[in-house]
Amino acid sequence: SHGITGLSVTATSTGTDIVTVASDSTATKSAVDSFIAKYNAVQSAIEKYTKVTVVGTKVTAGILSSNRELGEISKSLRQMIYKEGAGVSGSIKRLSDMGVGFSGVENTISVTNSSLLTSKLADFASDVSSYFNTKNSVGDIPSGGLIERMDYLLGNLVTDSGTAKGSLKTNLDTIVTQNKSLDAQIATIERQLEAQRSSMEASYIAMEKAQSMYQQQSAYMAKTFAGKSS
């Protein structure tokens, strides 16, 4: 009689009551909050390790300040949040359409309109799902929902399957190889220093022995010729 698929109501007594049917967006809101936190963690980490600060005449550069790739990753992630997914249906085309966006020039995001977010999650659940989950591709490049596009971006960075390696994995392998080479060089230098130390110790001991012998000879000669005149 109510026409709602999946909903059954059993009357246990006569009388009048009001039944309200509404979606529970608690889990979805929690997932959105988790996404925001993890996205911000990535952007904050990139900024931390690539930032260059100037205080007076002192310049302090992050340990990865010269790494251009990290800057490109940060830029790509930001553009992805702005960009409208291809083939996405409904009223949500980008995160800002559901009350989530950037505050000023910062790369981090936050809930900028909580009432809009609550409304979209409660009343436009299918639009939210379409924004995140739509499958669409232009050639071999995914261009649909946010999850599909982000998965493609991250896959190109961290993939490690056979000969197909992501750029970050390739960089990591290069760094590991360089570290092994440096370790080998350090080990060689340490062996050379140890050999040099042993040689210097042997020379020092030989010098002490020679000096002791010279002192003994000098004392003997002084004793032998004591009181004698030419």
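Our subject is the structure that appears above.
So, how was this worked out
Residues numbered from 1 in each chain as written. Predicted model: local features only at pLDDT ≥ 70, side-chain atom pairs only at ≥ 80, totals over all residues. Heavy atoms only, no water. Pairing = 2+ DSSP bridges. Helix = DSSP H or I, 4+ residues; strand = E, 2+ residues; numbered from the N terminus. Axes fitted to C-alpha atoms, helices over the stretch in contact; angles between N-to-C directions. Parallel < 35°, antiparallel > 145°, perpendicular 65-115°, else oblique. Contact = heavy atoms within 4.5 Å. Polar contact = N/O pair within 3.5 Å; in protein donor to acceptor, adjacent residues only side chain to side chain. Expected span 1.5 Å × (residues − 1). Buried < 20%, exposed > 50% of the residue type's maximum accessible area, 1.4 Å probe, protein only. Arc of directions from axis to C-beta. Phe/Tyr/Trp six-rings, centres within 6.5 Å; stacked < 30°, edge-to-face > 60°. Lys NZ or Arg CZ within 6 Å of the ring centre and 35° of its normal. Salt bridge = Lys/Arg side-chain N within 4 Å of Asp/Glu carboxyl O.

### Looking at the pairing of strand β2 (residues 58-61)
Here strand β1 (residues 52-55) pairs with β2 via four bridges, running antiparallel. Bridge pairing in β2 links V54 to V59. Hairpin remark: β1 followed by β2, antiparallel, with two residues in the connecting loop; positive phi at G56, about 65°.

### Structural notes on the packing of helix α4 (residues 125-133) against helix α5 (residues 146-158)
As a packed pair, α4 and α5 sit with axes 4 Å apart at the nearest point and diverge in direction by 20°. As the angle between them shows, α4 and α5 are arranged roughly parallel. Of α5, the residues touching α4 (which contributes Y131, F132 and N133) are L146, I147, E148 and R149.

### Some thoughts on the side chain of S130
Mapped onto the elements of the fold, S130 is located in helix α4. Polar contacts involving the side chain of S130 include one to the main-chain amide nitrogen of S89, which spans 3.0 Å.

### Looking at helix α2 (residues 68-82)
Along its 15 residues, α2 runs 21 Å from first to last C-alpha, staying within 8% of the 21 Å computed at 1.5 Å per residue. Every buried residue of α2 is accounted for by L70, I73, S74, L77, R78, M80 and I81. When α2 is viewed along its axis, its buried side chains cluster within an angular range of 160° and face the same direction. Here the buried face of α2 lies against α1 (26-50), β3 (100-102), α4, α5 and α6 (167-224). Regarding α2, its N-cap is N67, as a side-chain oxygen of that residue lies 3.0 Å from the backbone nitrogen of E69 further along.

### Points about the packing of aromatic side chains
What the rule picks out here adds up to four aromatic pairs. Pairing Y131 with F132 gives two aromatic rings, centres 5.0 Å apart and planes at 75°, and the pair type is edge-to-face. What makes Y131 buried here is its relative accessible area of 0%. Residue classification places F132 among the buried positions, given a relative accessible area of 15%. Here the aromatic cluster, defined as three or more aromatic residues joined through ring pairs, consists of F35, Y39, Y131 and F132. Its guanidinium or amino end placed over the ring of F102, R78 lies 4.1 Å from that ring's centre, counting from NZ or CZ. The residue whose ring lies beneath K120 is F124, and the NZ or CZ to ring-centre distance is 4.4 Å.

### Points about the pattern of salt bridges
One pass over the full model with this rule turns up four salt bridges. In this structure, R94 engages E84 in a salt bridge whose closest nitrogen and oxygen atoms are separated by 3.5 Å. Of this pair, R94 sits in the loop between α2 and β3 while E84 sits in the loop between α2 and β3, and the two are ten residues apart along the sequence. The exposure class assigned to R94 is partly exposed, which follows from its relative accessible area of 27%. Measuring nitrogen to oxygen at the nearest pair gives 2.6 Å for the salt bridge that ties E201 to R197. Separated by four residues within a single helix, E201 and R197 lie in helix α6, roughly one turn from each other.

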